Amino acid sequence: MEFEQQLEVIKSAKVLMVGAGGIGCELLKTLALSGFQDIHIIDMDTIEVSNLNRQFLFRQSHVGQSKAKVARDAVLRFRPNINITPYHANVKGPEFNIDFFKQFNVVLNGLDNLDARRHVNRLCLAAGVPLVESGTTGFLGQVTVHVKGKTECYECQPKPTPKSYPVCTITSTPSKFVHCIVWAKDLLFAKLFGDKNQGNDLNTRSSDGASSSDNAEDAFERRAGEDSEHYGRRIYDHVFGYNIEMALGNEEAWKNRDRPKPIYSGDVLPEKLSYQNGNVEDCPNGDPSSVSAMASLGLKNPQDIWSLRENTRVFLEAFKLFFGKREKEIGNLIFDKDDQLAVELVTAAANIRAASFGIPLHSLFEAKGIAGNIVHAVATTNAIIAGLIVIEAIKVLRGETNKYRMTYCLEHPARKMLLMPVEPFEPNKSCYVCSETPLSLEVNTRRSKLRDFVDKIVKSKLGMNLPIIMHGSTLLYEVGDDLEEDEVANYTANLEKVLAELPSPVTSGSVLKVEDLQQEFTCNINVKHRENFDKEKEPDGMLLSGWTEIPTPEKENDSSLGKEEIVSTPYQTASLGTENDDLEIIPAGVDIVPGGTKRKLSDISNATTSSSAGVLDVTVNSQKPEVIDDDNDVVVMIDGGNLNANKKKKMLE
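- The name given to the protein in an unreviewed UniProt entry is SUMO-activating enzyme subunit, with Coptis chinensis as the source organism.
- In UniProt, the protein has this text filed under Pathway (unreviewed entry): "Protein modification; protein sumoylation."

The structure is reproduced here in structure tokens:
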């Protein structure tokens, strides 16, 4: 009887999936095989070659097509009688508003970025729809349940923020290979092949010529009649030689650092490039992005670490191929991890810069992982997490609040378990999203512009898409398609004014109200004037409190560049990459409770967040946890561990 009831609940449910990638493919398959009849999928991405090793619903012939639509078609081949509605679109689009979300019984997230997760969380809160979140990276993964008023929302706990590096470190004093990758990808590659009108922190002043006029020449401008190899060598000598010599002129900078060594192409590679296989004429398969300097030079293994000479050859050859085979794209290119030639040039450039600064060189395979924010995915982890998502979704649909679990998939057994379920926490009373707690902002109100506040705080940290900013009764800023021209001009003018000089001056003690009507999200920000900021530690020039980010230690091979990171579970620490991957934090000091041991939400007291350290401090009631016998839990043991009445290790299927 219970099975029939559960099946009826599943069949009548209307489910929204957000994300059709690594987790999404497994999830759609599992939902279909579990009996769900009405599934909607949103995903803005198209299929890439790098997806095919784990996103099993896709094939080589699908590259370039919509993930949501191809996933639908693939599942309908073995479950033709169910309804799957795909949307090849951004979940932040205006069509996916609160009314759209209200039609669903549950929302299942398989996203790969913090911004979209926050957006979905806020829409689910506003629509009153339960959300099941998930993420994986390598062998690690988690599933969490978020129900308005009953459990914490996705933003109740602090989330690690994308790793950023001060410009001065990148341009002048790199100490790690990731700094060289950022320089090669975001500065050099962008300057050479991207939008020429974009600002760039590279020194472009030429070293050629004797006069000051000649010295002011832009070294990156190609001279009339200059062949691509000469042009490439001139760029090489400028960025790896002349610019390093200029930096060495600042003696103060090298008092406590090893001095870098200028590198010139003629010293490393006096002769012209030679080719081992002659494969330089045509684009393989007619695809410009598959042109390869490695193929031209006879280099085959991407896991080999190239010497300085080999890196120089790859740099010059990749440079030559861009201008010889892909000249039409120059000026519009952005780095893409699936663009072989771009990866080769960035790897070579990063390695040459690393050699100059005494930093260990890396293989193309490693460099691609760092530049493309890749943590190599494990398909089995995605499958496990997808199964756990469906289990939690069924509990939500059946209203089994007391059985909700946040489940963590561990790389190494902890207490002889690989799956670790934790009972959800209550909503955090300090959460600025679901509890509307005011935030505090320290800022120099006489120097910072409204544009800085909008870009660095409202959009970047608070994740608002269509913000409205008010000071008292004065509307300082608004965006939207329904604005009059004079309103747009007025708000645009406000963006360039410092906070203290706005129509309603924002000074110390001011309270700004920031609202996003699309998300139905409002927060108040208390402003405090602060004169000075540490450029290294506080590069934004402003500090937001109450919105908590977690500081994470840098690693030599930091593959989490530009992405979220996991920090400090009781058992392990790992970096996140580009798989559907926002691993949650198991707060330090919180006991993990196995599935058979229930800790009541009311037992958790004195939960506070430290805005300085960004670590949740949770004190658990010292009373003995209540043991629960859930018949539908499955015991998962490692190495034949013993069970007894008081210490059962039970895991969720």
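Following the structure, the description resumes.
## Things to note about the overall build of the protein
At step 1: The helix and strand tally for the protein stands at 17 helices and 18 strands.
At step 2: When burial is assessed residue by residue, the protein has 52% of its 653 residues classed as buried.
At step 3: At a minimum sequence separation of 6, the contacts of the protein that also span at least 24 residues come to 66%.
At step 4: For the protein, the accessible surface area stands at approximately 28,800 Å², while carbon and sulfur atoms represent 48% of it.

## Quick word on the sheet that holds strand 5 (residues 131–137)
At step 1: With mixed pairing, 8 strands are arranged side by side in an open sheet as 3-2-1-4-5-6-7-8. Lying at the two open borders of the sheet, with one neighbouring strand each, are strand 3 (83–87) and strand 8 (417–422). For this sheet the average axis-to-axis angle between neighbouring strands, irrespective of direction, equals 20°.
At step 2: Here helix 15 (residues 379–397) sits on the sheet in contact with strand 4 (106–109), strand 5, strand 6 (140–146), strand 7 (406–414) and strand 8, set at roughly 15° to strand 6.

## Side note on the packing of helix 9 (residues 228–248) against helix 13 (residues 340–356)
At step 1: Contact geometry of helix 9 with helix 13 gives a least axis separation of 11 Å together with a crossing angle of 20°. The orientation of helix 9 with respect to helix 13, classified from their angle, is roughly parallel. Note on packing geometry: the crossing formed by helix 9 with helix 13 is right-handed. Where helix 9 approaches helix 13, its residues Tyr236, Phe240 and Ile244 are matched on the opposing element by Ala349, Ile352, Arg353 and Ser356.
At step 2: A class-by-class count of the residues in the contact of helix 9 with helix 13 yields 5 nonpolar, 1 polar and 1 charged.

## Regarding the packing of helix 2 (residues 22–33) against helix 3 (residues 67–76)
At step 1: Packing of helix 2 against helix 3 brings their axes to within 10 Å, and their N-to-C directions diverge by 35°. Both helix 2 and helix 3 take part in a crossing whose hand is right-handed. Side by side, helix 2 and helix 3 meet where Leu28, Lys29 and Ala32 of the first sit next to Ala71, Arg72 and Val75 of the second.
At step 2: Within the contact of helix 2 with helix 3, the residues separate by chemical class into 4 nonpolar, no polar and 2 charged.

## Topic: the pattern of salt bridges
At step 1: Counting across every chain of the model gives 21 salt bridges.
At step 2: Across the salt bridge formed by Arg117 and Glu133, the nearest N and O atoms sit 3.4 Å from each other. Remark: Glu133 occurs in strand 5 and Arg117 occurs in helix 5 (residues 114–127); sequence separation between them is 16 residues.
At step 3: Using a relative accessible area of 1% as the deciding quantity, one classes Glu133 as buried.
At step 4: Here Glu226 ties to Arg234 by a salt bridge, and the two come within 2.9 Å at their closest N and O atoms.
At step 5: On the accessibility criterion, Glu226 (9% relative accessible area) is buried.
At step 6: Overall, Arg234 belongs to the buried group, its relative accessible area being 11%.
At step 7: Salt bridges sharing common partners tie together Lys92, Asp115 and Arg118.

## Thoughts on the pairing of strand 11 (residues 474–478)
At step 1: Examined bridge by bridge, strand 10 (residues 467–471) and strand 11 share 4 bridges and lie antiparallel to one another. Each residue of the ladder has a partner; that of His471, found in strand 11, is Thr474.
At step 2: What sits between the antiparallel neighbours strand 10 and strand 11 is a turn of 2 residues, in which Gly472 has the positive phi angle 65°.

## Here's the deal with helix 12 (residues 308–325)
At step 1: For helix 12, with 18 residues, the first-to-last C-alpha span of 25 Å sits near the 26 Å given by 1.5 Å per residue.
At step 2: Within helix 12, the full set of buried residues consists of Asn311, Thr312, Arg313, Val314, Phe315, Leu316, Glu317, Ala318, Phe319, Leu321, Phe322 and Phe323.
At step 3: Against the buried residues of helix 12 lie helix 7 (177–193), helix 9, helix 10 (265–268), helix 11 (293–297) and helix 13.

## Digging into the UniProt feature "active site" (unreviewed entry) in the protein
At step 1: Feature annotation in UniProt assigns "active site" (unreviewed entry) to the following positions: Cys168.
At step 2: Within the secondary structure layout, Cys168 lies in helix 6 (residues 167–171).

## Considering the packing of aromatic side chains
At step 1: For the structure shown, the criterion picks out 21 aromatic pairs.
At step 2: Here Tyr87 and Phe100 contribute two aromatic rings whose centre-to-centre distance is 5.6 Å and whose plane-to-plane angle is 85°, an arrangement assigned as edge-to-face. Here Tyr87 is found in strand 3, whereas its partner Phe100 is found in helix 4 (residues 98–102), with 13 residues between them in sequence.
At step 3: The exposure class assigned to Phe100 is buried, which follows from its relative accessible area of 10%.
At step 4: Over the ring of Phe104 we find Lys14, and its NZ or CZ is 5.6 Å from the ring centre.
At step 5: The ring of Phe220 has Lys191 lying over it, and the distance from NZ or CZ to the ring centre is 5.9 Å.

## Observations concerning helix 7
At step 1: Between its first and last C-alpha, helix 7 extends 22 Å over 17 residues, near the 24 Å set by a 1.5 Å rise per residue.
At step 2: Residue Ala184 marks the point of greatest curvature in helix 7, where the axis turns by about 30°.
At step 3: The buried fraction of helix 7 amounts to 15 of the 17 residues, a majority that puts the element mostly inside the structure.

## Remarks on the confidence of the model for the protein
At step 1: For the protein, mean pLDDT is 79; residues scoring 70 or higher make up 77% of the total.
At step 2: Below pLDDT 50 for its whole length, residues 209–215 participates in 8 contacts with residues either more than four positions away or in separate chains.

## As for the environment of Gly24
At step 1: Its place among the elements puts Gly24 in helix 2.
At step 2: The exposure class assigned to Gly24 is buried, which follows from its relative accessible area of 2%.

Criteria and thresholds
Residues numbered from 1 in each chain as written. Predicted model: local features only at pLDDT ≥ 70, side-chain atom pairs only at ≥ 80, totals over all residues. Heavy atoms only, no water. UniProt positions renumbered as here; feature names shortened; annotations may be inferred. Helix = DSSP H or I, 4+ residues; strand = E, 2+ residues; numbered from the N terminus. Buried < 20%, exposed > 50% of the residue type's maximum accessible area, 1.4 Å probe, protein only. Contact = heavy atoms within 4.5 Å. Areas by Shrake-Rupley, 256 points an atom, 1.4 Å probe, with all protein chains shown as cover. Pairing = 2+ DSSP bridges. Axes fitted to C-alpha atoms, helices over the stretch in contact; angles between N-to-C directions. Parallel < 35°, antiparallel > 145°, perpendicular 65-115°, else oblique. Left-handed = near helix turned anticlockwise from the far one by under 90°. Nonpolar A, V, L, I, M, F, W, Y, C, P; charged D, E, K, R; others polar. Salt bridge = Lys/Arg side-chain N within 4 Å of Asp/Glu carboxyl O. Expected span 1.5 Å × (residues − 1). Phe/Tyr/Trp six-rings, centres within 6.5 Å; stacked < 30°, edge-to-face > 60°. Lys NZ or Arg CZ within 6 Å of the ring centre and 35° of its normal. Bend = angle between axes of the 7 residues up to and from the residue. pLDDT = per-residue confidence, 0-100.

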